[in-house]
Amino acid sequence: MAFLMAGLSTAAAAHSPFPGKPLPERGAYRSRAARLPVKITVLTAAYNPAQQVVNLRWSTVLEKNNERFIVERSVDSLHFSSIGETRSAGNTETAQHYYFDDPKPIGGTLYYRLREVDADGKEYLSEVVNTSKPITQLEMTSVRLGEDHTTANLEIAAPGTVSASLILADVKGKVLKTFQLSLQRGTVFKSFYVGDLKAGVYFLQLNDHSGGKALLKKFSMD
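Remember, it's a predicted structure, so these values are computed and weren't measured experimentally.

Attention now moves to the overall build of the chain. Scanning the chain from N- to C-terminus turns up zero helices and 19 strands. Accessible surface for the chain amounts to roughly 11400 Å². Of this, 49% is attributable to carbon and sulfur atoms.

One can find N153 in strand β14 (residues 151-158). Residue class for N153 comes out buried when judged on its relative accessible area of 13%. In this view, N153 contacts S142, V143, R144, L145, G146, F189, K190 and S191; residues no more than four positions away in its chain are not counted.

Time to look at the nonpolar core. Counting 22 residues, the largest nonpolar core has I156, L183, L204, L206 and F219 as its most contacted members. Residues contacting L183, with those up to four places away along its chain left out, are L138, I156, A158, G160, T161, V162, A164, V188 and K190. A45, V71, I106 and V129 belong to the second largest nonpolar core, which has 21 residues in total.

With that settled, the discussion passes to the pattern of salt bridges. Pairing is possible between side chains that carry opposite charge, provided their charged atoms lie close to one another. One pass over the structure, following the stated rule, counts eleven salt bridges. For E155, the salt bridge is made with R144, and the minimal N-O distance between the two is 3.5 Å. Pair noted here: E155 is in strand β14 and R144 is in strand β13 (residues 144-145), with a separation of eleven residues, a long-range link. Classification of E155 as buried rests on a relative accessible area of 2%.

Moving on, we get to the confidence of the model for the chain. For the chain, per-residue confidence averages 85 on the pLDDT scale, and 84% of positions sit at 70 or higher. Element-level mean pLDDT values for the chain span from 29 in strand β3 (residues 28-29) up to 97 in strand β11 (residues 129-133). Here residues 5-34 is modelled with pLDDT under 50, and outside its nearest four sequence neighbours on either side it reaches 69 contacts, counting other chains as well.

The subject of this paragraph is the sheet that holds strand β4 (residues 38-48). Overall, antiparallel pairing links the three strands, which are arranged β4-β5-β8 in an open sheet. Only two strands of the sheet have a single neighbouring strand rather than two, namely β4 and β8 (96-102). Taken over all neighbouring pairs, the strand axes of this sheet differ in orientation by 15° on average, direction set aside.

You can see A199 is positioned in the loop between β17 (186-193) and β18 (200-208). With a relative accessible area of 58%, A199 lands in the exposed category. Each C-alpha atom, one on A199 and one on S220, is 7.3 Å from the other, the two residues being 21 residues apart in sequence.

Turning next to the sheet that holds strand β16 (residues 175-183). Strand pairing in a sheet relies on backbone hydrogen bonds. The paired strands run either parallel or antiparallel. Overall, antiparallel pairing links the four strands, which are arranged β16-β15-β18-β19 in an open sheet. In the strand order of this sheet, the two ends are held by β16 and β19 (214-221), each with one partner. This sheet shows a mean twist of 20° between the axes of neighbouring strands, independent of strand direction. The pairing of β18 with β19 spans eight bridges and is classified as antiparallel. Bridge pairing in β19 links G200 to M221.

So, on to the pairing of β4. With ten bridges joining them, β4 and strand β5 (residues 53-63) adopt antiparallel strand pairing. Opposite Y47, over in β5, you have V54 as the bridge partner. Between β4 and β5, which pair antiparallel one after the other, the connecting turn spans four residues, and Q52 there sits at a positive phi close to 55°.

Rules used in this analysis
Residues numbered from 1 in each chain as written. Predicted model: local features only at pLDDT ≥ 70, side-chain atom pairs only at ≥ 80, totals over all residues. Heavy atoms only, no water. Helix = DSSP H or I, 4+ residues; strand = E, 2+ residues; numbered from the N terminus. Areas by Shrake-Rupley, 256 points an atom, 1.4 Å probe, with all protein chains shown as cover. Buried < 20%, exposed > 50% of the residue type's maximum accessible area, 1.4 Å probe, protein only. Contact = heavy atoms within 4.5 Å. Core = buried A, V, L, I, M, F, W, Y, C linked by side-chain atoms within 4.5 Å. Salt bridge = Lys/Arg side-chain N within 4 Å of Asp/Glu carboxyl O. pLDDT = per-residue confidence, 0-100. Pairing = 2+ DSSP bridges. Axes fitted to C-alpha atoms, helices over the stretch in contact; angles between N-to-C directions.

What follows is the structure, encoded as structure tokens:
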């Protein structure tokens, strides 16, 4: 299948307390003896089939020096990526209610968590909640670069057994790398090395060998 240069394609709710789990620092967790900066009483995620989005809702009864919440998503509960954020009340002891919609959820089981960021830069992670979206077609999320910009990450959802290839090309259509994939029904996380690429714009094309479908995503290397 020729490389395409146009036509970019674009459960029940779970409840979880927010224990204020801090991020690792120098190989160990910081002490939790001090009063936690945020107390979340409920966190839910539910797929909305009418709008084809995932509705995320959470409530707090205490916020101290809180700056914002970063919403993170995963398809395997291990690799999380930021999909957006919302500002918080900051300092309050009254109930606050927050709403965030994931506008482009991929099919399959989806896992969500909150990364609470304080004004002084300290970060805490919530527990993980999940929901499901039916897989009706081959899907691929937008390409997300790792923190060191040497890896490219994406999720792929397959409605059944699919033999596919993933092609990396530059803006002129020159194929730089090709990966052969054997997909089973479900959603998988894929990561590959891009540290050898120069700054510029690139394309990833996912070709379904059996159904003839092709998905194209653009990403940039700084």
